[in-house]
Amino acid sequence: MKPIRLALVGLGKIARDQHLPAIAATPGIELVAVASRNARLDGVDCVGTVEELLADVPDVDAVVLCTPPMPRRDQARAALAAGKHVLLEKPPGAGVSELAPLMALAEKRGRTLFAAWHSRFAPAVEPARDFLARHRARRVTILWKEDARVWHPGQDWIFEPGGLGVFDPGINAFSILTAILPEPVFVVGARLDFPANREAPIAAELKLATASGLPIHTAFDFRQSGEQIWPIAIETDAGSLVLSAGGARLNHDGQVLVDEPEREYRGVYRRFVDLVRSSSSDVDTGPLALVADAFMLGQRSFVDDFAW
Ligand SMILES: NC(=O)c1ccc[n+]([C@@H]2O[C@H](COP(=O)([O-])OP(=O)(O)OC[C@H]3O[C@@H](n4cnc5c(N)ncnc54)[C@H](OP(=O)(O)O)[C@@H]3O)[C@@H](O)[C@H]2O)c1
């Protein structure tokens, strides 16, 4: 079978750190082009924009969008209209309502649209989902605290409208939460801390719940110095379950169930190959809807200016 010929759009941090190695390690795909306003990559066709890519580079089957969420809707629409399959980095859009038209276009053109939630491919996620299918959760506490200056240095877009601020990492926690719980989650209330000189929150505390009354408390903070922490702790009727290291580790009552190296993006690309080969799409807007609801329901306060 011929490999799926990929073009990557936006050669920034995640494209270099994760996509390039994962593409190289995944059977059935090959990178043939890059569209970047600033960067070039040896050995593939290099152009500046999606429009140039679609006009000038023939034989591209699929476009991988590693740009920030704001320009993605137009890029995805152009690629789908040109008959390409599309992989969207997380979050799948700058807003929830822009996704339905993209899904409809993918369907109409008979192409795959994949909204990749990379954290769902972490090794602890499936075992945690299986545990929670068998044991009732009583309380969930999520702490997602990291230093924006370490993980997103100079990425001004993250604090612009549509950049999501601290929800850029926090949405990864939502993507895991919504994958492992056996029932839907909704937002009950939120407090959002905006730096006075920025357009997106730098910290957020949320109360979420499920229809059966499961209380979920989350605290996200982009100002964390020292240890960087990403635990999801779940008290259940069969003891305490803790996912940590972004889903790479799973503990049950202190006993290690999973502790594996991080390989999320290989899972992302295996799934994309399966979707393209089976002519199907996978777009779950659930985690993005939780962020949107936090913005709708959240009380807003202003905190110190933020500078890199
Ligand atoms: N950083 C992470 O750890 C991480 C992890 C998982 C997912 N993600 C997601 O991946 C996406 C990209 O994140 P990133 O960390 O790779 O960001 P980044 O380092 O800022 O790279 C984004 C790239 O997109 C291109 N771009 C096109 N239009 C742009 C615009 N209007 N503003 C800014 N850049 C634009 C730029 O590449 P060119 O100069 O090549 O055009 C830029 O280098 C985000 O949605 C993020 O949530 C990031």
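Residues numbered from 1 in each chain as written. Predicted model: local features only at pLDDT ≥ 70, side-chain atom pairs only at ≥ 80, totals over all residues.

A. Broad picture of the environment of A137. The topology assignment puts A137 in strand β7 (residues 137–145). In this structure, the C-alpha to C-alpha distance between A137 and G93, residues 44 residues apart in sequence, is 31 Å. In this structure, A137 is in contact with L132, L181, L214, I234 and T236, ignoring residues within four places of it in sequence. (Helix = DSSP H or I, 4+ residues; strand = E, 2+ residues; numbered from the N terminus. Contact = placed C-beta atoms within 7 Å.)

B. Geometry of the nonpolar core. Grouped together as the largest cluster of nonpolar side chains are 90 residues, with contacts concentrated most on A7 and V86. Top contributing element to this core by residue count: helix α7 (residues 167–180), with 8 residues. Composition of this core by domain shows at least three residues from each of domain 1 (4–115) and domain 2 (122–261 + 292–303). Once residues lying within four places of it in the same chain are set aside, the contact partners of V86 are A62, V63, L65, A76, A79, L80 and L113. (Core = buried A, V, L, I, M, F, W, Y, C linked by C-beta atoms within 7 Å. Buried ≥ 20, exposed ≤ 12 C-beta atoms within 10 Å, placed from the backbone. Domains from an automatic or database assignment.)

C. Structural context of the sheet that holds strand β6 (residues 113–115). Spatial ordering of the open sheet is given by β3-β2-β1-β4-β5-β6, a layout of 6 strands whose pairing is parallel. This sheet does not close on itself; its edge strands, each paired only once, are β3 (45–47) and β6. If you compare each strand with its neighbour and ignore which way they point, the axes differ by 25° on average. As defined by bridge partners, strand β1 (residues 4–9) adjoins strand β4 (residues 62–65) across 4 bridges and the pair is classed as parallel. Bridge pairing in β4 links V9 to L65. Contacting β1, β4, β5 (85–88) and β6, helix α3 (residues 72–81) runs over the sheet at an angle of about 160° to β5. (Pairing = 2+ DSSP bridges. Axes fitted to C-alpha atoms, helices over the stretch in contact; angles between N-to-C directions.)

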